[in-house]
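# Close look at the chain arrangement
Here are the chains, one letter per residue:
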Amino acid sequence: MAIAENKTVGRRTPPPFLRGLITAAKTVGSVAITMLGLMFVTFLIGRVMPVDPVLAVVGERASKEIYQATYEAMGLDKPLLVQFAYYLWDVLHGDFGMSLLNARPVSEDIKRVFPATLELATLGTLIGVLLGVPLGVTAAVRRGTWIDQIARFVALIGYSMPIFWLGLIGLLIFYGILGWVGGPGRLGIFYEDLVPVRTGMILVDSAIDGNWSVFRNAFSHIILPASILGYYSMAYISRMTRSFMLEQLSAEYITTARVKGLPERTVIWRHAFGNIKVQLITVIALSYANLLEGAVLTETIFSWPGIGSYITTALLSADMAAVLGGTIVVGLIFVLINIFSDLLYKFFDPRAK
Amino acid sequence: MKPFKNIMAGVVMGFAVSMTAVPAVAETPANVLVIANRIDDITTLDPAESFEFAGSDVSRNVYSKLVNFDPMNLDAGYGPDLAESWTVSDDGKTITFTMREGVKFASGNPVRAEDAAWSLQRAVILNKTPSFILTQFGFTPENVKDMIRADGNTVIITTDKRYATSFVLNCLTATIGGILDKEVVMQHEADGDMGNAWLKTNSAGSGAYVVTSWKPNESVSLTANPNWYGGTPAMERVIVRHVQESATQRLLLERGDIDVARNLNPSDIAGITGVDGIAVDNELRGRLMYTSVNQKHPVLSKPEVRQAIKYLIDYEGMQNSFLKGQYVTHQNFLPATYLGAVDENPFSLNVEKAKELLASAGVENLEIEAGVREAQERLEIAQSLQNTFAQAGIKLNLTVGTGKQILARYRSRDLDMYIGAWGPDYPDPHTNAGTFAYNPDNSDEAQATGLLAWRNAWDTDGLTEKVAAAVVEGDRDKRAQMYQEIQAEFREKSPFAIMFQRIEQTGRRDNVQNLNLGGAITSVSYWPVTK
């Protein structure tokens, strides 16, 4: 016993504030290492790709002299590691470099395109969660009934239908034929530049400004692409919710709760649903992160100037500064969402505390 | 399941309210022109640097030039713009332009001869990609201030030797000939860049419009220049929106949210043909689709093989199927409507003849690699070639990549065969003659990557000298005759098979009148447009 006591003394738990500090330091450290790795790999891929960034700047008809001068001006004559070190230094100072193609700072471009994606992804995820979770729960509770069949059919369609097709058909019906929603783009042309840019999210900016006609127009433009993304998100979330719930509903503690005569609503929402929250958070976070990467096809169909189409255009034009900048932002978002869902675990799951 | 029902009811109500609250836009305002176009190729708006289609569209409407084309009469060729008149010295080397009086820039500053001379000098000094359009006249950053200078109300341009006057003036109508407001530009100079960084996203011209904003991959907005010497255009605002998808452009046009859709594919064109309120225009553009074979290849350099390839292309089949309405067969390097253009198309698909030619060259089981960009029409052409080549026993392996990947290999003479497009840089026959049929040094060391003949390692079989002679010929008719002869020889001997010339099909609301895209020689003009 004495030995055991000594051991306990030797491994005395640090005070709570220190524990918090250590956890925070570990998190920051792991984020930094992840980001450094991501940047290095992306940088490397950008350099070994068989795409000539100089050609992207000077055009195919440039003379040899102009080509060479640009090659040197872009620092491509320096060793790879030196180029990476320069880049890292700039990024640490918030400078992602200049876009080769439009000669503007990449950070400015990202400030412009990321809020567009954030707005779309958030609304899409909201729709997905608000419809997907109740649908999944209902399908599990009423397993085998018509509502379960519908939920499974909806999920199947969501998994198997190409998003560009659904987007085009949606546009054709709701915009082309019925005229219920605004067309492609974030705003009608004549509503552009009417509200000052604060967050870059037009719905938020117009609400802050109290300009409800711009809000309505922006809403009419976002609702269709958001619903389509939301549909895919719903298909995934409802399927996962259903399967998590089925697992819980067959557990003994649920039978016990029912035997004890608890109301069905309490059994389902408090006991069964309460136990799948943590798993659901992972599913929702993953789905949200996926949408935040930018839904390239949806953005293309709806002429939505988001980060997905930004990175794709940059990639096809060999604009590596823009690709790197975009990738870093997407990577950071992924990491942050992961940290956030870890925090939520702790909140919902006492065992994780 | 009450919560589920409540949420569902809320969502349904929300949808219903939002959708009924938004009335559909029926028509654009009478003084605004809204265009859907792919504008992701714009990299800069500085006329000394801009070299892409969508950028040239902006530039043409924002910058006046010394001489220019009248959009309502393109066939007339160049005419006066900021220069009211010009004279040519006896030795043919000096052109003196007299400036139009009383013209102002959008800023209100007067347009002076000094601005014009400075703008052209600047383009040479900055030495960006399109600078060759001016430097081919012997201007260098060192001598340009002597060669292009202002004297009172005149601009005097002296070339290093005698050139056809039409050649010099045609070049001045290109984007790089745009005249800038020197004072405004120099106010924004940074690190001796002559305002290049600022002009990438702003304008300082005296044309019909001013750039209000350019959001990359989103939109370009122009507003009428109140000081334009031509008066106030009917369209006070022009908004060009980037819309990538043809189907999306079509929907916008049908709904009346845009006036013009510029990138409709054949099926969407067919879909809107005959629709009430919509008209379709066909306009011949300067872009050529061609294929060429590398003369470093021991087999492809045989004259019979070069000939055989021209008989293995199904020109008619492609033109009448997947290229219908978008391209027309054209087998000469000068686009129709250019000075010296010819419309002879002697080749057609003839597998037997091609087999004979290949047999006479002793060629069997030929396998070659062709590079092609991943663009739909090019891939379809490549597949058609693959099919017809196979009929004569030639195996065509396609390497598909992005434009940049394939071009990099083409420029380094690394492809057996290239399938691609070429658009003229300026509206003079030399623009194409000087690249397809001109190659003064065919060695690898020359690195003349801008010349198509060099990229294919073709020494031009004596055409280089003929092209050099045509470009200095002062007599317009004789010059045209020379180009016709060069093209006849080129058709027979060259490793190039020119296949098609581009037709641009545009969908527009039928109330939009006088929209001219610029034909084969220039870019779109918005100022004559009415609604």
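Residues numbered from 1 in each chain as written. Chains lettered and ligands numbered in written order. Predicted model: local features only at pLDDT ≥ 70, side-chain atom pairs only at ≥ 80, totals over all residues.

## A closer look at the overall build of chain B
To keep things clear, this is the line we draw: Runs of H or I in DSSP of at least four residues are treated as helices and runs of E of at least two as strands, each being numbered from the N terminus. We compute the radius of gyration from the C-alpha atoms alone; for a globule the expected value is 2.2 Å times N to the 0.38, where N is the number of residues. Buried means a residue has 20 or more other C-beta atoms within 10 Å of its own C-beta, exposed means 12 or fewer, and partly exposed covers the counts in between; C-beta atoms are placed from the backbone.
Along the backbone of chain B there are 19 helices and 17 strands. Computed over the C-alpha atoms, the radius of gyration of chain B is 25 Å, within 12% of the 24 Å expected from 2.2 N^0.38 for a compact globule of 531 residues. Structurally, chain B occupies a C-alpha span of about 80 × 75 × 45 Å along its principal axes. Across the 531 residues in chain B, those meeting the buried criterion constitute 52%.

## Examining the overall build of chain A
Filter applied, for reference: A pair of residues counts as a contact when their C-beta atoms, built from backbone coordinates, are within 7 Å of each other.
Along its length, chain A carries 15 helices and zero strands. In terms of its C-alpha atoms, chain A occupies a principal-axis envelope of roughly 85 × 75 × 40 Å. Across chain A, every contact between residues at least 6 apart in sequence was considered, and the portion connecting residues at least 24 apart equals 70%.

## Thoughts on the packing of helix 7 (residues 146-160) of chain A against helix 10 (residues 212-249) of chain A
Residues and elements named next belong to chain A. Defined as follows: Here the axes come from fitting lines to C-alpha atoms, over the contacting stretch only for helices, and the angles between their N-to-C directions go from 0 to 180 degrees. Here roughly perpendicular refers to angles of 65 to 115 degrees, roughly parallel to angles under 35, roughly antiparallel to angles over 145, and oblique to all remaining angles. Each helix crossing is assigned a hand: it is left-handed if the near helix lies turned anticlockwise from the far helix by less than a right angle, otherwise right-handed if that turn is clockwise. Gly counts as polar in this scheme, as do all residues outside two lists: the nonpolar Ala, Val, Leu, Ile, Met, Phe, Trp, Tyr, Cys and Pro, and the charged Asp, Glu, Lys and Arg.
Closest axis-to-axis distance for the helix 7/helix 10 pair is 8 Å, and the angle between their directions is 130 degrees. Considered as vectors, helix 7 and helix 10 are oriented oblique to each other. In this structure, the crossing between helix 7 and helix 10 has a hand that is left-handed. Of helix 10, the residues touching helix 7 (which contributes Ala-151, Val-154, Ala-155, Gly-158 and Tyr-159) are Tyr-231, Tyr-232, Met-234, Ala-235, Tyr-236, Ser-238, Arg-239 and Arg-242. Taken together, the residues that form the contact of helix 7 with helix 10 break down as nine nonpolar, two polar and two charged.

## Looking at the environment of Arg-250 of chain B
All names here are of chain B. Relative to the helices and strands, Arg-250 is located in helix 9 (residues 246-255). Judged by the 27 C-beta atoms lying within 10 Å of it, Arg-250 is buried. Through-space distance from the C-alpha of Arg-250 to that of Gly-271 is 8.7 Å; in sequence the pair is 21 residues apart. Dropping the residues within four chain positions of it, Arg-250 is found in contact with Ala-261, Leu-264, Asp-268, Gly-271 and Ile-272.

## With respect to helix 11 (residues 303-310) of chain B
Residue and element names in this part refer to chain B. When you tally the buried positions in helix 11, you get six out of eight residues, the bulk of the element. Turning to helix 11, its buried residues number three or more, namely Val-305, Arg-306, Gln-307, Ala-308, Ile-309 and Lys-310. Turning to helix 11, the residues buried within the fold contact strand 12 (278-293), helix 13 (351-360) and strand 17 (496-509).

## Overview of the domain arrangement of chain B
Residues and elements named next belong to chain B. Put simply, the rule reads: Note that the domain bounds were set by an automatic or database domain assignment.
According to the domain assignment, chain B consists of domain 1 (44-207) and domain 2 (286-504). Computed from C-alpha coordinates alone, the two centres of domain 1 and domain 2 are separated by 33 Å. Contacts between the two partners involve 12 residues from domain 1 and, on the opposite side, 11 residues from domain 2. When residues of the side of domain 1 that touches domain 2 are assigned to their parent elements, the largest contribution, five residues, is made by helix 6 (residues 165-172).

## Some thoughts on the sheet that holds strand 7 (residues 154-158) of chain B
Residues and elements named next belong to chain B. Put simply, the rule is: Two strands qualify as a pair provided that DSSP identifies no fewer than 2 bridges between them.
If you walk across this open sheet you meet the four strands as 4-5-7-6, and the pairing is antiparallel. Among the strands making up the open sheet, the edge pair consists of strand 4 (83-88) and strand 6 (148-151). In this sheet, adjacent strand axes meet at a mean angle of 20 degrees when their direction is disregarded. Sheet strands touched by helix 3 (residues 113-126): strand 5 (94-99), strand 6 and strand 7. Its angle to strand 6, the strand with the most contacts, is close to 170 degrees.

## Things to note about the domain arrangement of chain A
All names here are of chain A. Its domain assignment divides chain A into domain 1 (35-93) and domain 2 (110-352). The centre of domain 1, based on its C-alpha atoms, is set 36 Å off from the matching centre of domain 2. At the interface, 11 residues of domain 1 touch 10 residues of domain 2. Listing elements by their share of the side of domain 1 that touches domain 2, those giving two or more residues are helix 2 (16-48) and helix 3 (53-58).

## Looking at helix 7 of chain A
Residues and elements named next belong to chain A. Rules: The span one expects for a helix is its residue count, reduced by one, times 1.5 Å. Working definition: the arc comes from the directions between the helix axis and the C-beta atoms, pointing outward to the latter.
With 15 residues, helix 7 should reach 21 Å at 1.5 Å per residue; the first-to-last C-alpha distance of 21 Å fits that figure. Those residues of helix 7 that fall on the buried side of the exposure criterion are Ala-151, Ala-155 and Gly-158. Down the axis of helix 7, the buried set is contained in an arc of 60 degrees. They therefore lie on one face. In this structure, helix 7 carries Trp-146, Gln-149, Phe-153, Leu-156 and Ser-160 as exposed residues pointing more than 90 degrees from its buried face. Residues of helix 7 that are buried make contact with helix 6 (106-141) and helix 10.

## A few points about the packing of helix 8 (residues 163-177) of chain A against helix 9 of chain B
The N-to-C vectors of helix 8 of chain A and helix 9 of chain B enclose an angle of 5 degrees; their axes lie 11 Å apart at closest approach. Between helix 8 of chain A and helix 9 of chain B, the crossing angle belongs to the class labelled roughly parallel. Counting all contacts with helix 8 of chain A, which are made through Leu-168, Leu-171, Leu-172, Tyr-175 and Gly-176 of chain A, the residues of helix 9 of chain B involved are Ala-247, Thr-248, Leu-251, Glu-254 and Arg-255 of chain B. For the contact of helix 8 of chain A with helix 9 of chain B, the per-class residue count stands at six nonpolar, two polar and two charged.

## A closer look at the pairing of strand 16 (residues 417-422) of chain B
All names here are of chain B. The buried fraction of strand 16 amounts to five of the six residues, a majority that puts the element mostly inside the structure. In terms of strand pairing, strand 12 meets strand 16 through six bridges, oriented antiparallel. When the sheet's bridge partners are listed, Leu-288 is paired in strand 16 with Trp-422. Where strand 14 (residues 366-373) and strand 16 come together, three bridges link them in parallel fashion. Paired with Gly-371 across the bridge in strand 16 is Tyr-418.

## Quick notes on the confidence of the model for chain A
Quick reminder of the rule: Values of pLDDT, which run from 0 to 100, indicate the predictor's confidence residue by residue.
Mean pLDDT over chain A works out to 84, with 92% of the residues at or above the 70 mark. Note on residues 1-9 of chain A: pLDDT is under 50 here. Beyond four places in sequence and across chains, it has zero contacts.

## With respect to the pairing of strand 9 (residues 219-224) of chain B
Remark: a regular strand shows side chains that alternate across the two faces of the sheet. The element strand 9 of chain B is extensively covered by neighbouring structure, given that five of its six residues are classed as buried. The hairpin turn running from strand 8 (residues 209-215) of chain B into strand 9 of chain B, its antiparallel successor, is three residues long, and Asn-217 of chain B in that turn takes a positive phi close to 60 degrees.

## Digging into unusual backbone geometry
Residues and elements named next belong to chain B. You will see that Arg-413, though not glycine, has its phi angle at about 60 degrees, which is positive. Looking at the element boundaries, Arg-413 is found in the loop between helix 15 (403-411) and strand 16. A residue is classified by how many C-beta atoms lie within 10 Å of it, and Arg-413, with 16 of them, is partly exposed. The backbone of Asn-514 shows a phi angle near 60 degrees, a positive value even though the residue is not glycine. Among the secondary structure elements, Asn-514 is positioned in the segment after strand 17. The partly exposed category is assigned to Asn-514, around which 14 C-beta atoms lie within 10 Å.

## A short note on the environment of Gly-231 of chain B
All names here are of chain B. Assignment of secondary structure puts Gly-231 in the loop between strand 9 and strand 10 (237-242). Gly-231 sits in the exposed class, given 9 other C-beta atoms within 10 Å. Considered as a pair, Gly-231 and Ala-208 are 23 residues apart in the sequence and their alpha carbons are 8.1 Å apart.

## A few points about the confidence of the model for chain B
All names here are of chain B. The predicted model of chain B has a mean per-residue pLDDT of 91, with 95% of residues at 70 or higher. Long-range and interchain partners of residues 10-25, a stretch whose pLDDT sits below 50, account for 17 contacts in this model, where long-range means more than four residues apart. Listed scores for the predicted complex are pTM 0.80 and ipTM 0.74.

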